[in-house]
Amino acid sequence: MNEIIDKLLLLQYPFARNALIVGVLIALCSSLLGVTLVLKRFSFIGDGLSHVAFGAMTVGVVIGLTNNMPFILIATTFAAILILRKGQNAKIKGDAAIAMISVGALAIGYLLMNVFSKSSNVSGDVCSSLFGSVKILTLSTTEVWLSIALSIVVLVVFVLFYNKIFSVTFDENFSTATGMKTELYNLLIAVVIAVIIVLAMNLVGSLLISALVVFPALSAMRVFKSFRSVTICSAIFSVTCAFLGILISIVADTPVGSTIVGTDIVGFLIFLLIGTFTKRRTA
Amino acid sequence: MALLTCRNLALGYDGHEIVHGLSFEVNAGDYLCVVGENGSGKSTLMKTILGLLPPIAGEIRTGDGLLRNEIGYLPQQTEVQKDFPASVWEIVLSGCGNRMGFRPFYNKEDKERAQRNIERMGIRKLVNRCYRELSGGQQQRVLLARALCATSKILLLDEPVAGLDPVVTAEMYDLIEELNKKDGITVIMISHDIAAAIKYANRILHVAGHVFFGTKEEYIESDIASGFLKGGEDK
Ligand SMILES: Nc1ncnc2c1ncn2[C@@H]1O[C@H](COP(=O)(O)OP(=O)(O)OP(=O)(O)O)[C@@H](O)[C@H]1O
Ligand SMILES: [Mg+2]
């Protein structure tokens, strides 16, 4: 017990508090668009983009950029727009194109890291960028502020475009047919996804991002039945899981990313149970 | 000037042509029924009129000051809607999306409009229900209420009665007729129900190898109808 309290006392230190704040914000952002991604059958785009982000990161390291994030952001946004365009023009080949881009970026990223990295612990570096930091997140002040600023931008954009995102997600054809600027909103969604993925890469690593996007939405959809309640529920779900996950990882000395995803899985199972139980009762 | 004029239209996907030589006009207040066999290109025609697909050849002109965002559309059901968590209210209200421009939230007028169309479709009791748990007929009413939020001029309906029982089908036809006669909304409807087409519509467009367009009286007299009509009666 004392040990646990000792560990939690870490939170006195700014680096631990920063990790908690940033982690919760990222979890919040990624859950919001999760609903749209799952419903539009776009989950795989998040996955593909996260690999692109990984590739971009290694390129940044090789070039010797000290602050990698803006570069990764631009590259990922660019890929997001590209993938979305592809998906619209050639429907059948969209899947394959994404698989190609994502696996390609992953392989090249690993290759670059091995060939050019001056670090003595290449596999450790690769591992932490794929699965997130092993210990608690240590973020530079710039990274913290950049993460907070981007999260706020994502939140504001989401709130302002909430109704449009609903229309485009529920029925894109209807929206286009009745004269809404669907293409613009799709583009916006793609850019926001890219931002979220770059943000989340710090927290859970690029292989686990999809979990952060998909689990909250899928859990909320088991229980709630309107778009608004699903969105709110998945936001609360995601924030709670991230908060608990980070605390557990501090106390139990486990990697942050996989601990958060672990709590997400437990949360999902609970919602699954609640969902089947309530369905039985009403049926 | 007609509300909608199509001249020598050729339709298809990715340059692959399905029908050609479609010419017809729709005037304000018309009730046009589009008939034809499965796969003849009726839905494709509707998507082309709506700007979801580019025409392969020919032109579509809108007149009488009909704007892009004054069109209402009832689609054949898409897959994504089947497990979508959305309440009836959210869906009907989303029909007002085309009058928002860049305004982020629905205003009082939008909400009143949605409320009015919910009353008009007789689905007030369902407002807070989840769309995917409604019956087919109830779902069609919800989508029709949404389409009515998007327009007060012209409605394009793609098989609005598919899968509905005879009683609900009749109700649906009455609703649509009322919208056409009482509210003066122009209707373009795809239907396999040739008897209803002849009963309610004043214009018929038959999409096939040989395209027919004319009033329903002309249609009944025509050769193309006779085979199709008999087929309908046999059932
Ligand atoms: N997305 C698509 N890509 C390529 N071809 C398509 C596509 N959708 C439909 N088609 C083809 O276009 C033709 C016309 O289809 P359409 O959906 O317009 O028929 P329809 O008249 O609406 O039929 P139904 O009465 O069954 O609804 C069909 O041969 C179909 O195979
Ligand atoms: Mg059709």
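Heads up: these notes are all about the structure in this document.

**A few points about the interface of chain B and chain A**
Taken residue by residue, the interface counts 36 residues in chain B and 29 residues in chain A. Across the chain B/chain A interface, buried area totals approximately 2800 Å², and carbon plus sulfur atoms make up 63% of it. The interface formed by chain B and chain A includes 2 salt bridges. Across the pair Lys225(A) and Glu133(B) runs a salt bridge, and its minimum N-O distance is 2.9 Å. Applying the counting rule to chain B against chain A returns 10 residue pairs in polar contact (both at pLDDT 80 or more). Those elements giving two or more residues to the side of chain B that touches chain A turn out to be β5 (71-74), α2 (88-94) and α4 (136-150) of chain B.

**Notes on the environment of Val187(B)**
Mapped onto the fold, Val187(B) is located in strand β7 (residues 186-190). Each C-alpha atom of the pair Val187(B) and Asp64(B) lies 15 Å from the other, and the pair is 123 residues apart in sequence.

**Some details on the sheet that holds strand β1 (residues 4-13) of chain B**
Think of a sheet as strands paired side by side through backbone hydrogen bonds, with each pair either parallel or antiparallel. Residue and element names in this part refer to chain B. With antiparallel pairing, 3 strands are arranged side by side in an open sheet as β2-β1-β4. Each edge of the open sheet is held by one strand with a lone partner, namely β2 (16-26) and β4 (57-62). Here the strands of the sheet are splayed against their neighbours by 30 degrees on average, with no regard to which way each runs. One ladder, built from 7 bridges, connects β1 with β2; its direction is antiparallel. In the sheet register, Leu4 faces β2, and the bridge partner there is Val26. Across the sheet, helix α1 (residues 42-49) lies against β1, β2 and β4, angled at about 120 degrees from β1, the strand it touches most.

**Quick word on the site of ligand 1**
Residues and elements named next belong to chain B. Lining the immediate surroundings of ligand 1 are 13 residues, of which Gly39, Lys42, Ser43, Thr44 and His192 lie closest. Within the side chain of Asn38, one N or O atom sits 2.9 Å away from an oxygen atom of ligand 1. At 3.3 Å from an oxygen atom of ligand 1 is found a main-chain nitrogen or oxygen belonging to Ser40. For the shell around ligand 1, a count of residues per class yields 2 nonpolar, 8 polar and 3 charged.

**Here's the deal with the environment of Leu205(B)**
Residues and elements named next belong to chain B. Relative to the helices and strands, Leu205 resides in strand β8 (residues 203-206). A relative accessible area of 0% means that Leu205 is categorised as buried. The spacing of Leu205 and Leu179 is 26 residues in sequence and 20 Å in space, taken between C-alpha atoms. With near-sequence residues (within four places) excluded, Leu205 lies in contact with Leu22, Phe24, Leu32, Cys33, Val34, Val35, Leu45, Val211, Phe212 and Phe213.

**Thoughts on the sheet that holds β5(B)**
Residues and elements named next belong to chain B. With mixed pairing, 6 strands are arranged side by side in an open sheet as β5-β6-β7-β3-β8-β9. Across the chains shown, the open sheet's two edge strands, defined by having one partner strand only, are β5 and β9 (212-215). Ignoring which end each strand starts from, the neighbouring axes of this sheet average 15 degrees apart. Bridge analysis of β8 against β9 gives 4 bridges, and the strand direction is antiparallel. Along β9, the bridge assignment pairs Ile204 with Gly214. Lying over the sheet, helix α5 (residues 166-181) contacts β3 (31-35), β6 (154-158) and β7, oriented at roughly 150 degrees with respect to β7.

Thresholds, definitions, all that
Residues numbered from 1 in each chain as written. Chains lettered and ligands numbered in written order. Predicted model: local features only at pLDDT ≥ 70, side-chain atom pairs only at ≥ 80, totals over all residues. Heavy atoms only, no water. Contact = heavy atoms within 4.5 Å. Buried area = accessible area lost by both parts, 1.4 Å probe. Salt bridge = Lys/Arg side-chain N within 4 Å of Asp/Glu carboxyl O. Polar contact = N/O pair within 3.5 Å; in protein donor to acceptor, adjacent residues only side chain to side chain. Helix = DSSP H or I, 4+ residues; strand = E, 2+ residues; numbered from the N terminus. Pairing = 2+ DSSP bridges. Axes fitted to C-alpha atoms, helices over the stretch in contact; angles between N-to-C directions. Near = heavy atom within 4 Å. Nonpolar A, V, L, I, M, F, W, Y, C, P; charged D, E, K, R; others polar. Buried < 20%, exposed > 50% of the residue type's maximum accessible area, 1.4 Å probe, protein only.

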